[in-house]
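# Structural description and commentary
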Amino acid sequence: MSRILSVEDLNAYYGESQILFDVSISVEENGVVGIFGRNGMGKTTLLESIVNRIDHKTGTVRYRDRDITATPTHEIVRDKIAYVPEDREIYTALTVRENLELAVPKDISDDVKEERIGEIFDRFDRLGERAAQRGGTLSGGEQQMLAIGRALVSGPDLLLLDEPTEGLAPIIVEEVVKVLNDLVTQNRAVLLVEQNITRTLPLIDRGYIIESGHIVENGDTEHLSDETLNDKYLTV
Amino acid sequence: MIGVVEALLLTPNEFVTYLLNGISRGMIIFLVASGLTLIFGLIGLINFAHGAMVALGGYLTIVTVGTTGSFWFGIAAGVLLVAVLGFVLEKTILHRLYDEPLLGFLGTFGIGLVIEQLLSFHFGDQSRSLESPFPGTIDLFGVAYPAHRIFVIVVGVTVALLVGALLSQTRFGLEIHATANKSATAEILGVDSGKVYTATFVLGSAFAALAGGLTAPITSMSPGIGTSYMLMAFLVIIVGGMGSFKGSFLVSMIVGQIMAFGWLFLEPTYVQMSIFVAAMVFILYKPRGFFGKPEVFE
Amino acid sequence: MNAHVNSLRQYLTDGNNRWIGVLFVLALLVLPMVSQEYFVGIVTKAVIFGLFAISVDIALGYTGLITLAPAAFFGIGAYSVAKVVVDYDASYWLGFPIAIIVAAVVAFLIGYVPIKRRIGEVYFVLFTMAFGVIVYDFTFVTTSFTGGSNGLAYVSPPMFFTINLAETVPFYYFSLFVVGILVVGLYLLLRSDYGRILHASRQNEVRMRYLGYDTDREKLLAWIISATVSSIAGAVYVGTIGVASPSLMEFALTGEVIIWVVVGGAGTFVGPFIAAFVLSLLENYLGSVWAEGYLIVLGVLFVAFIFLLPEGIMGRLQQGED
């Protein structure tokens, strides 16, 4: 299968300190790939590097056949990559609907826009009920739904998700996992970053384990489900 | 306290005249403040070139009217040329300075200085004035009031409504909100934040020029005229609440009225001083002003 | 360009090049013997502006308080002396302690709340701007107290034993003396523990607070020192022009001094002095050939500086002296 995304020899820095070391990963067209690792291992930095959200990095990021290493973030996003950041970044003073409208590309007609927002409201009925409420009034779980909804209305071919279940109550986690289950079976590639491997393994085709900025393991779900790996790299 | 007596003895006609004076004065402040609110309230740039843009807009209007004879053409030329200047400045220098409020202040301060000095170099320090396209008076509530000032009021209200609609009803308004609030998030939603900054700055500068052009027939132009308007506008924005468009409109109106009626009680300079004192108190104890809410732009 | 300017600055501030400083001081001392009197008058002002720039640098560069009120304090000094001499017919010398006290008290009253409340940079800029406008308006409007738009004239420095300070050259030496003492004093102060605390607070205020330093108090003190020295500069200055008028309080002077500080290198002490000295000489030179040119040149120079080396300026502002 052809690759939709490939990252080659990526080194990323925050100020003086290096976060990622020669990281290479790829995602196939319609593939679902997981990145696992403990907190502070560089998972978020990897996603931020892909959408060119950090200042200092070397290496190459390819999307389809284009080099997007130095492309401005908004252009990358307009090229049908959607990114759901770890802390969701909802606009708290904008309404739910406005948050969604903002994410619909400008060149989309009003009809299609309404249709897409309608789909999101169908999928997450609680967002539909709260369409006119300000984003800041939503619960954590609802904000996560809105963040995912915001990514989906842009009609992405590649979805980057940063710890979608992080910091949510167990019952909400279940709900989010259900949504993710839904997402990964559709025609779209997903790169999913998670700490919790057991919950996520059923969702993915294959994955990587990242440790202190290095990719230390990669393989299919069977390989990654090995308990020794889990003990070594993932349990706290 | 003679003033109180005088105020009580105002004839209805005088009262209406003062009221209208206050409104038209407030409108000019609002026009200056509206551009600043966009730039200062949203980009966070302390744009000290704004006053110079007002003066430049005024002079360009005067010059164009002098050669073409048309006031409308003059206003259009002033607004357009200042907008172009704003575009060039933003693209070349200012966009690099947003991250540091201090650098932004210093940079725009220098730019303002150069513009003002070039104006005084070219036009000299003596003031210039302009004839209004509406020379006569209009009867309003039984008072013969200068037509140009009515015109200023109409323009001010129109601008207020248009900008209000722009911010709350359009996609561009959403993008401004998103960028002002957190540009990194706007970017991951596909918003070109650089473009939004440029457009906002250009729009704000255009409003400054409009204010300058409209003032020319009321007050005579001098290179430094914009500075005092700008200082007042900064304080209006603070008291009104940073980023609150409604707030700066309302406070502009209040300040206009204070200036119009205040001189019955105090010398105009004292009136201005007390407004500034009030602003200082606001900065210390209520920095978000009357209407400012965190993260809300409207 | 960047590297050039920085290496030039380093060269000028390098300890091994102290002899340049010594040479400069010697040149100042012998100037009246080799120069025409009118030029001595110009240099007098340049030296005073140098002190003024240093005083502003203490707030701006060393403490990180971006103030738009320097002209107000400069004016307070000038008016104090003028008031004492012109209106009360009292001794010229009495003007100086009054200038110091008034400036210190006003600086305390203005600075206490904003510094304690730690209002943001942007708000401090606007706060001091409003204060500057109020002081300017005040000199204009209180005609009976400050002489209104005419100001207070004529201030003539007195006899000092047998020396007539009203003459250009004696007043030049008098100015050199005052400026010299203050510059050396401030230099020593900033090299002392206090200077180090100020510097460290500029680097990491939170850490200093954890270490038990009352950073707000240090800031307030620096703010008062800055204002007081500005006031002294104004008090000396009024002796050279003979009149305290609202134009001394104009925003233009605040603008100029900020430009001197930034172009000279905020937080470098010597830099602002040199910039003020050189640029005010340039002002006088340009004044005779192209009157309006000075501020245009200054503005362009300033914008160019900010444009070409923002890191340099910011680095200075953030780290204080290296």
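Residues numbered from 1 in each chain as written. Chains lettered and ligands numbered in written order. Predicted model: local features only at pLDDT ≥ 70, side-chain atom pairs only at ≥ 80, totals over all residues. Heavy atoms only, no water.

### Observations concerning the overall build of chain C
Scanning chain C from terminus to terminus reveals 15 helices and 4 strands. Counting the 322 residues in chain C, one finds 56% classified as buried. Across chain C, contacts joining residues at least 24 apart in sequence account for 77% of those joining residues at least 6 apart. (Helix = DSSP H or I, 4+ residues; strand = E, 2+ residues; numbered from the N terminus. Buried < 20%, exposed > 50% of the residue type's maximum accessible area, 1.4 Å probe, protein only. Contact = heavy atoms within 4.5 Å.)

### Comments concerning the overall build of chain B
A tally of regular secondary structure across chain B gives 12 helices and 2 strands. Dimensions along the principal axes, computed over C-alpha positions, put chain B at roughly 60 × 50 × 35 Å. Nonlocal contacts in chain B, meaning residues at least 24 apart in sequence, comprise 78% of its contacts between residues at least 6 apart. Accessible surface computed for chain B: about 11500 Å², of which carbon and sulfur atoms make up 68%. Here chain B contributes 12 positive and 15 negative side-chain charges, whose respective centroids are spaced 8 Å apart. (Areas by Shrake-Rupley, 256 points an atom, 1.4 Å probe, with all protein chains shown as cover. Lys, Arg positive; Asp, Glu negative; His and termini not counted. Charge placed at Lys NZ, Arg CZ, Asp CG, Glu CD.)

### Structural notes on the environment of C:Val257
Residues and elements named next belong to chain C. Along the chain, Val-257 falls in helix 12 (residues 251-264). Classification of Val-257 by relative accessible area gives buried; the value is 0%. Sequence separation of Val-257 and Ser-55 is 202 residues, and the distance between their C-alpha atoms is 9.8 Å. Excluding its chain neighbours within four sequence positions, the residues that come into contact with Val-257 are Phe-52, Ala-53, Val-56 and Pro-70.

### Observations regarding the interface of chain B and chain C
Counting residues at the interface gives 40 residues for chain B and 41 residues for chain C. Between chain B and chain C, a total of about 3900 Å² is buried, with carbon and sulfur atoms accounting for 85% of that surface. Summed over the shared surface of chain B and chain C, the number is 0 salt bridges. On the surface where chain B and chain C come into contact, there are 2 residue pairs in polar contact (both at pLDDT 80 or more). Of all the elements in the fold, those that place two or more residues in the side of chain B that touches chain C are helix 5 (101-123), helix 10 (225-240) and helix 12 (268-285) of chain B. A per-element tally of the side of chain B that touches chain C places helix 5 of chain B first, with 15 residues. Taken together, the residues of the side of chain B that touches chain C sort by class into 30 nonpolar, 7 polar and 3 charged. (Buried area = accessible area lost by both parts, 1.4 Å probe. Salt bridge = Lys/Arg side-chain N within 4 Å of Asp/Glu carboxyl O. Polar contact = N/O pair within 3.5 Å; in protein donor to acceptor, adjacent residues only side chain to side chain. Nonpolar A, V, L, I, M, F, W, Y, C, P; charged D, E, K, R; others polar.)

### Some words on the confidence of the model for chain C
Residue and element names in this part refer to chain C. Taken over all residues, the pLDDT of chain C has a mean of 84, while the share at 70 or more is 90%. Helix 15 (residues 310-319) is the least confidently modelled element of chain C, averaging 53 in pLDDT, while helix 5 (residues 95-117) averages 94, the highest of any element. On the interface metric, ipTM, the complex scores 0.90, and its pTM is 0.84. (pLDDT = per-residue confidence, 0-100.)

### Digging into the sheet that holds strand 4 (residues 56-63) of chain A
Residues and elements named next belong to chain A. An order of 2-1-4-5 is seen for the 4 strands of this open sheet, with the pairing classed as antiparallel. Two strands lie at the open edges of the sheet, namely strand 2 (17-28) and strand 5 (66-67), each paired on one side alone. The pairing of strand 1 (residues 3-14) with strand 4 spans 7 bridges and is antiparallel. Counted as the bridge partner of Tyr-13 is His-56 from strand 4. Its contacts with the sheet place helix 1 (residues 43-50) against strand 1, strand 2 and strand 4, and it is angled at close to 115° to strand 1. (Pairing = 2+ DSSP bridges. Axes fitted to C-alpha atoms, helices over the stretch in contact; angles between N-to-C directions.)

### Some details on the interface of chain B and chain A
With 20 residues of chain B at the contact, the number on the chain A side is 20 residues. A buried area of about 1900 Å², summed over both sides, lies between chain B and chain A, and 59% of it is on carbon and sulfur atoms. If you sort the residues of chain B by the area they bury against chain A, B:Leu174, B:Ile188 and B:Leu189 come out on top, with a joint share of 36%. At the surface where chain B touches chain A, the tally comes to 2 salt bridges. In this structure, A:Lys106 engages B:Glu175 in a salt bridge whose closest nitrogen and oxygen atoms are separated by 3.7 Å. The interface formed by chain B and chain A includes 11 residue pairs in polar contact (both at pLDDT 80 or more). The element contributing the most residues to the side of chain B that touches chain A is helix 7 (residues 171-181) of chain B, with 7 residues. Its residues assigned to classes, the side of chain B that touches chain A shows 8 nonpolar, 5 polar and 7 charged.

### Digging into the side chain of C:Ser226
Of note, C:Ser226 is situated in helix 11 (residues 215-241). In contact with C:Ser226, not counting residues within four places along its chain, are C:Ser55, C:Val56, C:Ile58 and C:Ala59.

### Brief notes about the confidence of the model for chain B
In the predicted model, chain B carries a mean pLDDT of 86, and the fraction of residues at 70 or more is 94%. No element of chain B has a lower mean pLDDT than helix 1 (residues 2-8) of chain B, at 60, and none a higher one than helix 4 (residues 71-92) of chain B, at 94.

### Side note on the packing of helix 10 of chain B against helix 12 of chain B
In a pair of packed helices, the angle between the axes and the distance between the axes together describe the arrangement. Residues and elements named next belong to chain B. Running from amino to carboxyl end, helix 10 crosses helix 12 at an angle of 40°, the nearest separation of the two axes being 9 Å. As the angle between them shows, helix 10 and helix 12 are arranged oblique. In this structure, helix 10 meets helix 12 at a crossing whose hand is left-handed. On the side of helix 10, the interface is formed by Leu-231, Met-232, Leu-235, Ile-238 and Val-239, while helix 12 contributes Gln-272, Ile-275, Phe-276, Ala-279, Phe-282 and Ile-283. Considering only residue class, the contact of helix 10 with helix 12 consists of 10 nonpolar, 1 polar and no charged. (Parallel < 35°, antiparallel > 145°, perpendicular 65-115°, else oblique. Left-handed = near helix turned anticlockwise from the far one by under 90°.)

### Brief notes about the environment of B:Lys195
With respect to the secondary-structure elements, B:Lys195 resides in helix 9 (residues 193-215). With 19 residues separating them along the chain, B:Lys195 and B:Ile176 place their C-alpha atoms 10.0 Å apart.

### Things to note about a negative patch on the surface
Residues and elements named next belong to chain A. Side chains of Asp-110, Asp-111, Glu-115, Glu-119, Asp-122 and Asp-125 sit close together on the surface and give a patch of like negative charge. It is helix 4 (residues 110-123) that provides the largest number of residues to the negative patch, a total of 5 residues. Locating Glu-119 in the fold gives a position in helix 4. (Patch = residues over 30% accessible without salt bridge, like charges linked within 9 Å, V, L, I, M, F, W, Y side chains within 5 Å.)

### Focus: the sheet that holds strand 7 (residues 158-162) of chain A
All names here are of chain A. In space, the 6 strands of this open sheet follow the order 6-7-8-3-9-10, with mixed pairing throughout. The open sheet has two free edges, formed respectively by strand 6 (81-84) and strand 10 (214-220), since each of these has just one partner strand. For this sheet, the mean inter-axis angle between neighbouring strands, taken without regard to orientation, is 15°. Note that strand 3 (residues 32-36) and strand 8 (residues 189-194) share 5 bridges and pair parallel. Each bridged residue has a counterpart across the sheet, and for Ile-35 the counterpart in strand 8 is Val-193. Contacts between helix 10 (residues 227-234) and the sheet are confined to strand 3, strand 9 (206-211) and strand 10, with strand 9 contributing the most and set at about 35° to the helix.

### Comments concerning the packing of aromatic side chains
The way to describe two aromatic rings as a pair is by their centre distance and the angle between their planes. Residues and elements named next belong to chain C. Per the counting criterion, the structure on display carries 43 aromatic pairs over all chains. Aromatic pair Tyr-136 and Phe-140: ring centres 5.4 Å apart, planes at 75°, arrangement edge-to-face. On the criterion of helical spacing, the pair formed by Tyr-136 and Phe-140 is a turn pair, its members being 4 residues apart in helix 6 (residues 121-141). The exposure class assigned to Tyr-136 is partly exposed, which follows from its relative accessible area of 23%. (Phe/Tyr/Trp six-rings, centres within 6.5 Å; stacked < 30°, edge-to-face > 60°.)

### Description of helix 9 (residues 193-203) of chain C
Owing to its 3.6 residues per turn, the α-helix brings residues three or four apart onto one side. If you check which residues of helix 9 of chain C are buried, you get C:Tyr194, C:Gly195, C:Ile197, C:Leu198, C:Ala200 and C:Ser201. For helix 9 of chain C, the secondary structure elements touched by its buried residues are helix 3 (37-63), helix 8 (168-191), helix 10 (205-210) and helix 11 of chain C.

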